[in-house]
Number of protein chains: 2
Amino acid sequence: MAMRWPPTPFTADDYAARMARATRVALDAGLDGVLVAPGPDLVWLTGYEPTALTERLTLLILSPRVRPTLLVPTLERPDAEAAVLTIGVGVVDWGDDADPYRAASAFLRPGGTFGISDATWASHLLGLQDRLPSTVYLGFGECLPMLRAVKDDGELYRLTAAGAAADATYTEIAELPFAGRREYDVAADLARLLREFGHDRVDFTIVGSGPNGADPHHEAGDRVIEPGDAVVLDFGGLMHGYGSDTTRTVSVGEPDPEVRKVHEIVRVAQQTAFEAVRPGVACGEIDRIARAVIADAGYGEWFIHRTGHGIGVTTHEPPYLTPGEPQPLRPGMCFSIEPGVYLPGRFGVRIEDIVTVTDRGARRLNNTDHALRVVG
Amino acid sequence: MAMRWPPTPFTADDYAARMARATRVALDAGLDGVLVAPGPDLVWLTGYEPTALTERLTLLILSPRVRPTLLVPTLERPDAEAAVLTIGVGVVDWGDDADPYRAASAFLRPGGTFGISDATWASHLLGLQDRLPSTVYLGFGECLPMLRAVKDDGELYRLTAAGAAADATYTEIAELPFAGRREYDVAADLARLLREFGHDRVDFTIVGSGPNGADPHHEAGDRVIEPGDAVVLDFGGLMHGYGSDTTRTVSVGEPDPEVRKVHEIVRVAQQTAFEAVRPGVACGEIDRIARAVIADAGYGEWFIHRTGHGIGVTTHEPPYLTPGEPQPLRPGMCFSIEPGVYLPGRFGVRIEDIVTVTDRGARRLNNTDHALRVVG
């Protein structure tokens, strides 16, 4: 896919469409509106990201019968206006001597039910609950989990580009030496390469060598990588505001027979789960399929995490591919498929691609080879 | 002050003392315990900072009759254990198929009242409220605002060093050319200098030239700085985990007479407020004193923010020097004193030092000259 870069910026229409969608989805869910504090939901809805995240309340209020309104601290009003006036959002400010929760409650219906963005600070939710005790608040993860799950074309374009940059990073890192270097040296190379291939932000560079690979969230340490090690490489970040996240497990020199065996099991689990993706299938079904392959091979108790997570303006978001999750897949959803096996004290294997649901199946946004790669 | 660098790491005893203090203060406040999600409070209490902040619940539970317990996602257990077992915290994990709020509620007394860290995600608070509806939750800002406000010697050492690095940055930047350069070029120099003088993280580099200086939270833009401009420079970040934050307003060439006049008013306001600091004085009184100087000079309506904020593991934290705030100052508290005047469309002036309360008065952690500096 030939990609034009940088991508066309999102337009006022894009943001207006997202705000309208949020309001409509909220209404469909029986809500009176939604409240959005700074964070990924606010960025997605308006493009606005305050300079600093502080204890001062900033809150977007979307409700069917009122104009979208952004409540901001007085001293952030100029920045907020510059960001959101053009997309049709009104700005209301509160000064340091005012009660921001009372200011917010003027926009909320007593006795109503409002969705509130997950990453809103608890202190702000408690302030709202205190001033308007008859109002019910529900987290987006509970009431609007799929708000950002289906990506539009501009978002898919960015995720595809971020995936390609992560692939280029893997291709380059596999050519570099591993044996004799410390994990964090390889991690530094991953970060450098992600940036070279266009990432604005590097979020994680996991290098789990030998026994460290058996800890799925081990980052990178001072362990010297040895010949014979399996090494889990899991890395990603943000590129033009959208995430990448891919994992390959490599072998330093000739693989241990059990590494080879486990790698093949995980490869088949990933492939089988990928082939099962199509609109209408439940997220939990994809998890079940990946898990069954690993369990049937006798390693079920060592697959200790969910099969995948959505990705967009954040690297972890709905839909989640967890056991029993009934949410059906829809075209345009983007998420990871990342089964793994972790043998404590020995090694770990994980293979992860971001995929997107198409009209009839799925397309990978990561396309490097799944075969066990031998590195030097 | 001759400073040894890097500072001695905080010890297991330091963290144990902080956890004991939190539990005791909570008990004094009539609480049954405190709940702490990842963020500055968790770093301060335990030194633990999860690799990534995600939707998965991590929660420290401190309560008088139980061992300090950290509830973590299963796949973060190894990292958590490495971080907190040595300081006497037990680790309990929950898997992706478990309900983390039910797991947490096993540690909470039904009908009890618990403090919860301000930056905890609203979704987590809602989950706890749902599973244990008879339990009352209060934000730290409400129930334990001064938990981290009085700094211990190790903290004061770090804040003093961060202040000295910010001072060195100002000294160097004032020697560089301003006229003809864009604001973000000067901002880039500020960031570079902060890092050169030891900062691990740069949080803000405000360069507000001419009319941009009248927006207190303007960061830095593409405006070309002109001879005659007043330029607000407000910058800081973290050094060994503790914050710096200082502001000076400079004049590019000969100052406009009103810039000179306003600068002198702000200088006197800052100095008068500083001299009023001593144990027992209310935070609101320091704000009142700074505000009175500016109001008496006829610029009261243009001082549009509070006089100061605490600083520590974050750059904005209690105590807040806001109008009417009754909190008395105590030895070891550290905060900014930063009065300002903002004339829309024309210019702004702000002078800011971090200060610490001593047994009989105050000591500045920023010590560069307050006179209006003429730059090139």
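Computed from a predicted structure; not experimentally measured. (Residues numbered from 1 in each chain as written. Chains lettered and ligands numbered in written order. Predicted model: local features only at pLDDT ≥ 70, side-chain atom pairs only at ≥ 80, totals over all residues. Heavy atoms only, no water.)

Student: Describe the overall build of chain A, listing the residues and the values that go with them.
Tutor: Looking only at helices and strands, chain A has 10 helices and 18 strands in total. Computed over the C-alpha atoms, the radius of gyration of chain A is 23 Å, within 12% of the 21 Å expected from 2.2 N^0.38 for a compact globule of 376 residues. Overall size of chain A, expressed as C-alpha extent along the three principal axes, is 65 × 40 × 40 Å. Put simply, chain A has 376 residues, and 59% of those count as buried. Partitioning the intrachain contacts of chain A with sequence separation of at least 6 by distance along the chain shows that 66% fall at a separation of at least 24. Charge separation in chain A, taken as the distance between the mean sites of 35 positive and 52 negative side-chain charges, equals 4 Å. (Helix = DSSP H or I, 4+ residues; strand = E, 2+ residues; numbered from the N terminus. Rg over C-alpha atoms; globule rule 2.2 N^0.38 Å. Buried < 20%, exposed > 50% of the residue type's maximum accessible area, 1.4 Å probe, protein only. Contact = heavy atoms within 4.5 Å. Lys, Arg positive; Asp, Glu negative; His and termini not counted. Charge placed at Lys NZ, Arg CZ, Asp CG, Glu CD.)

Student: Help me get a handle on the domain arrangement of chain A, residues and values and all.
Tutor: Taken domain by domain, chain A comprises domain 1 (12-143) and domain 2 (153-375). On a C-alpha basis, the centres of domain 1 of chain A and domain 2 of chain A stand 35 Å from each other. (Domains from an automatic or database assignment.)

Student: How would you summarise the pairing of strand β16 (residues 353-357) of chain B if you had to cite specific residues and measurements?
Tutor: Moving residue by residue along a regular strand, the side chains alternate between the two faces of the sheet. Residues and elements named next belong to chain B. Counting buried positions along β16 gives 5 out of 5 residues, so the element sits mostly inside the fold. Neither face of β16 is open: one carries Asp353, Val355 and Val357, the other Ile354 and Thr356, and all of them are buried. Strand direction decides the pairing type here: strand β13 (residues 334-337) and β16, joined by 4 bridges, are antiparallel. If you follow Ile337 over to β16, its bridge partner there is Asp353. Pairing of β16 with strand β17 (residues 362-364), which is carried by 3 bridges, proceeds in the antiparallel orientation. Of the residues in β17, the one forming a bridge with Val355 is Arg364. Hairpin connection between β16 and β17: a loop of 4 residues separates the two successive antiparallel strands. (Pairing = 2+ DSSP bridges.)

Student: Quick one: what's the story with the interface of chain A and chain B, residue by residue and with numbers?
Tutor: Residue-level contacts link 35 residues of chain A with 34 residues of chain B. When chain A packs against chain B, the two sides together hide about 3000 Å² of surface, and 59% of this comes from carbon and sulfur. The largest per-residue losses of area from chain A upon contact with chain B belong to A:Leu75, A:Leu126 and A:His217, which jointly make up 19% of the total buried on that side. The tally of links from chain A across to chain B stands at 0 salt bridges. Those elements that place two or more of their residues in the side of chain A that touches chain B are α3 (77-84), α5 (122-131) and β6 (136-139) of chain A. A per-class count over the side of chain A that touches chain B returns 13 nonpolar, 12 polar and 10 charged. (Buried area = accessible area lost by both parts, 1.4 Å probe. Salt bridge = Lys/Arg side-chain N within 4 Å of Asp/Glu carboxyl O. Nonpolar A, V, L, I, M, F, W, Y, C, P; charged D, E, K, R; others polar.)

Student: Now, about the sheet that holds strand β2 (residues 59-63) of chain A: what can you tell me, with residues and values included?
Tutor: Residues and elements named next belong to chain A. Pairing is mixed across the open sheet formed by 6 strands, whose spatial order is β4-β3-β2-β1-β5-β6. Strand pairing shows two members of the sheet lacking a second neighbour, β4 (90-94) and β6, which therefore form its edges. Direction aside, neighbouring strands of the sheet carry axes that sit 25° apart on average. Against the sheet, α3 makes contact with β3 (66-73) and β4, and its axis sits at roughly 170° relative to β4, the strand it touches most. Across the sheet, α5 is in contact with β1 (33-36), β2, β5 (113-116) and β6; its angle to β6 comes to roughly 160°. (Axes fitted to C-alpha atoms, helices over the stretch in contact; angles between N-to-C directions.)

Student: Account for the sheet that holds strand β5 (residues 113-116) of chain B, with residues named and values stated.
Tutor: Residue and element names in this part refer to chain B. Spatial ordering of the open sheet is given by β4-β3-β2-β1-β5-β6, a layout of 6 strands whose pairing is mixed. Both outer strands of the open sheet, β4 (90-94) and β6 (136-139), are each paired with one neighbouring strand and no more. Averaged over all adjacent pairs, the angle separating strand axes in this sheet is 25°, with direction ignored. Two strands pair when backbone bridges link them, and strand β2 (residues 59-63) and strand β3 (residues 66-73) are joined in this way by 4 bridges, in the antiparallel orientation. Paired with Leu60 across the strands is Leu70, a residue of β3. Along the sheet face, helix α3 (residues 77-84) touches β3 and β4 and points at about 170° away from the line of β4.

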